[in-house]
Every structure is written in C-alpha cells, then in structure tokens.
Amino acid sequence: MESDFKKYQAQTSPYPLGMEVSHAVGSYIYDTSNKKYLDFVAGVSACTLGHQHPRVNQAIKDQLDKYSHVMVYGEYSQSPAVEYCKLMASILPEPLNKTYLVNSGTEAIEGSLKLARRVTGRSQLISCHNAYHGNTMGSMSVMGFEERKQPFRPLLPDVDFITFNNEEDLKKITTKTAGILLETIQGGAGFIEPHNDFMKKVRQRCTDVGAMMILDEIQPGFGRTGKLFGFQNYDLVPDIVVMGKGMGGGMPVGAFTSSAEMMDLLSDNPKLGHITTFGGHPVIAAACLATLQELIETDLMQEALEKEKLFRSLLVHPLIEEIRGKGLMLAVMTKNADITNEVILRCQERGLILFWLLFEGCAIRITPPLTISESEIREGCTILKAVMDEVAQLQ
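Residues numbered from 1 in each chain as written. Predicted model: local features only at pLDDT ≥ 70, side-chain atom pairs only at ≥ 80, totals over all residues. Heavy atoms only, no water.

Visitor: Would you take a moment to explain the sheet that holds strand E5 (residues 124–128) for this structure?
Guide: The strands making up a sheet associate through backbone hydrogen bonding, with each pair oriented either parallel or antiparallel. Pairing in this open sheet of seven strands is mixed, and the strands run E4-E10-E9-E8-E7-E5-E6 from one edge to the other. At either end of the open sheet lies a strand with only one pairing partner, and these are strand E4 (98–102) and strand E6 (159–162). When the angles between neighbouring strand axes are averaged without regard to direction, this sheet yields 20°. Bridge analysis of E4 against strand E10 (residues 254–258) gives five bridges, and the strand direction is antiparallel. Note on E10: the bridge partner recorded for Leu101 is Ala255. Helix H8 (residues 198–209) rests against E6, strand E7 (177–183) and strand E8 (212–216) of the sheet, and its axis sits at about 145° to E8. (Pairing = 2+ DSSP bridges. Helix = DSSP H or I, 4+ residues; strand = E, 2+ residues; numbered from the N terminus. Axes fitted to C-alpha atoms, helices over the stretch in contact; angles between N-to-C directions. Contact = heavy atoms within 4.5 Å.)

Visitor: Help me understand the packing of aromatic side chains in this model?
Guide: On inspection of all chains with the given rule, the structure shows nine aromatic pairs. Across from the ring centre of Tyr28, 4.6 Å away, lies the NZ or CZ of Lys36, which sits over that ring. (Phe/Tyr/Trp six-rings, centres within 6.5 Å; stacked < 30°, edge-to-face > 60°. Lys NZ or Arg CZ within 6 Å of the ring centre and 35° of its normal.)

Visitor: Got a minute to help me understand the sheet that holds strand E3 (residues 36–39) in this structure?
Guide: Across the sheet, which stays open at both edges, the four strands sit in the order E1-E2-E3-E13 with mixed pairing between neighbours. Only two strands of the sheet have a single partner each, and these edge strands are strand E1 (21–25) and strand E13 (352–353). Across four bridges, E1 lies against strand E2 (residues 28–31) in antiparallel orientation. Within the sheet, the bridge partner assigned to Ala24 lies in E2 and is Ile29.

Visitor: What am I meant to see in helix H4 (residues 79–91) here?
Guide: Count 3.6 residues to each turn of an α-helix, and residues three or four apart come out pointing the same way. The end-to-end C-alpha separation of H4 is 18 Å, in line with the 18 Å expected for 13 residues at 1.5 Å each. Turning to H4, its buried residues number three or more, namely Pro80, Ala81, Tyr84, Cys85, Leu87 and Met88. The arc enclosing the buried residues of H4, seen along the axis, measures out at 165°, which places them on a common side. Opposite the buried face of H4, at more than 90 degrees from it, the exposed residues are Lys86 and Ser90. Packing partners of the buried residues in H4 comprise helix H3 (54–64), E4, strand E9 (240–243) and helix H10 (282–297). (Expected span 1.5 Å × (residues − 1). Buried < 20%, exposed > 50% of the residue type's maximum accessible area, 1.4 Å probe, protein only. Arc of directions from axis to C-beta.)

Visitor: Explain the pairing of strand E11 (residues 320–326) to me, please; I cannot follow it from the model alone.
Guide: Within a regular strand, side chains alternate between the sheet's two faces. Looking at chain direction, E11 and strand E12 (residues 329–334) are connected through six bridges and run antiparallel. Note that in E12 the partner of Ile323 across the bridge is Val332. Taking the residues that link successive antiparallel strands as the turn, the E11-E12 hairpin has two residues, and the phi of Gly327 there is positive, at about 60°.

Visitor: Help me out: how do you make sense of the pattern of salt bridges in this one?
Guide: Oppositely charged side chains are able to pair whenever their charged atoms sit close together. Across all of its chains, the model carries 19 salt bridges by this definition. Between Lys172 and Asp160 there is a salt bridge whose closest N-O contact spans 3.7 Å. Placement of the pair is Lys172 in the loop between E6 and E7 and Asp160 in strand E6, with a sequence separation of twelve residues. With a relative accessible area of 33%, Lys172 lands in the partly exposed category. Taking relative accessible area as the criterion, Asp160 reaches 27% and is therefore assigned partly exposed. As a salt-bridge pair, Glu306 and Lys309 come within 3.5 Å of each other at their nearest N and O atoms. Taken together, the residues span about one helical turn, with Glu306 and Lys309 both in helix H11 (residues 300–314) at a distance of three residues. Overall, the relative accessible area of 49% leaves Glu306 in the partly exposed class. Here the salt bridges share partners, and the residues they tie into one network are Glu342, Arg346, Arg350 and Glu390. (Salt bridge = Lys/Arg side-chain N within 4 Å of Asp/Glu carboxyl O.)

The following block contains the structure:
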C-alpha cells in the first residue's frame, strides 16, 4: 500500500512517515502488522478524547441513522448543530454567544477575518511573526513565516506583523486596523505562552482603537490548557474566538464565535456574507456535541494540568533544554533540530508517536489525548528517555 500511497495520494512533504494504519483505540494506533504505537500527538491535537471514544462514536452512529447532509448551511434547523451552538453560548463569556460552524480551522480563520472587516469597515489585518493560522490564501496571508508564503504571492494586501509578547509593537494597532489575530499560545513557533499580561494589553489596545481582537484557539482549545479555551487562563474576552481541531473528537470541523450583533452582519448587506455547504454537518456536529459534553461533565480539563506536572517530573534529561507550553500542549526543546529529528524517528520505531512543530526545529510535540492515563504517560516517557540516551551517545 505504501507505493500506492505515494503514487496516487498527493503528499505534503517528500518524506511522509508512511505508517500503514489498521485501527486505533484509546491512546494507541495499530499498524497493519498489528504493532501498537502509543500516541503522544492525538492527530496533531485533534483527537481530544483519544481514538474511538464510545460517546463520540455512538453520537455519530445515532445521527447517521436519522439523517446526514440535507441542506446548505444556515437554511434548515438541524438539532445537533443548534444544540452545539446553544451549549457553546452557555459556556463562553458574554458577548460570545453566536457561533458559525464551518469545515476546518483555516476556513474559520477566513470567516473571522471577513467578520473583522465587515464589523469595522477597515481593511488592515495584523498578525504575529512565526504565526500559523492555516494554509488557504487568507490564512496564509496572516502566516508570519515568509519562506512558506513566497511561492504563492501575491496574497492579501494591508497585512502587518508584530512580535508575540512585544508590547512596543502594539502601537501598530491603530484606527486603521480591522483586527489583530493572535494564537493564544503560539503553536508552530514553539508553544510560546503570553507573558506579562500581554494578552490583556492587546485587549485594551483593541478596545482603545476600535479594532477586533481575534484569538486563534485551534490548538489550545478544548481543554488542552486546563480550561476549555486558552484565553480563559488570561482574564480577558476576545471579540472573536476561532476554534477547530479538538472540537470534533477527530472529525473535520471548525467554527468562529462572536456576539450576535456582529455575527448577524454576515447574513445581510450582502446576504451570504459567508457561506459553506457542509458547515454544521449533522453527523460532525453530533460528534462535536458529544465531545463538548464529555469535557464539561468530567474532570478531563482539570486533569490536564496534573498530567502536565507528571510529564515535567518524568522528562528530565541532559538533551532536554526546557519544556514549553501548558497542560497537554507541551513542546520538549532539545539542543538542535538534528537531535529532535533523530529522537522522533527512533521513538516511532520503538512504538511511541511524537511529531514536529512547523517553524521551531528544536521542538518535540507532545499533545496526547486528554484521556491518556498516568501509566501511559509513564510508558511513553520511559521510551522517550531511553531513545534520548541512545541519541546522546551519538553526539
């Protein structure tokens, strides 16, 4: 199958890992030779409740027996989508009370940028250096990594960049700014957290000049940092919150949420200000609803912080420079990219799945399912440190 995989399926890199997957359950993925791999990546933070979670699977099956796609988004009232948006509104702080369901995180980013321009009547967009918000043309325009963007220019005009955690740069947010888009914790840049009340200072600057504060919660979101969304750790409320990845329990989905007053602007003047055929798909919305219910009805979010402490206590090694991030959004930093590459590849051979970050070559991604057990964390860290011992001998 590997040759067909490379021959017929478009690739994203010259050297895909190429594991031939048989099945997955809980915190483990199995290949076609029935070798099991402990999953410390969770589909790059997408499988919040692990693989084949019974509640999510049952919700999908139940909805399939009722109806699947019936009409383009926003025309028919479909219970899974309505109930999901209603539950989200009850959880999020005011005025974040109306949600637009789409198909992916990058589409949610696109919608949020359009909304910021529609609300303010302004054109300028601001993002951060080393930011990643998706790969469609609008999302790529606010990606702060020129090497990935240059082959696809020209992109959106009137986009500027600041440095994350640099308060002096906030002067760039002016009365010409429609919105500033920030990852609550920078992902591809190396799981960098905001410091010195940086997020609150961005919030105040946006309020002062009438710009929209848009927070990308696609990676920190859905319990990974101990709260449902990362911004809830920093005592502020954005104008628009963008979500994806972990919200669907492994299903493809995205959304953006704002006030009803602002979201309603997308429905008129012009009508169909944002439109999507499959957004709010009832089967996927059912999976989202089950995932969210499981998170708020259990202690999984709070347990993420205890599991972080366990990871930090176990992962002490001469090759580890530091561990960045919060909760179960962690980046183990090594001395250089060669060490990181060798560790990740050798760990897969030993049955432990780790992964890279987009722009920070020294980082080893650790974003397991929130359902991972203490014994599984110990099992994986034992493998990781044994591999690091081997790699250290090669240095």
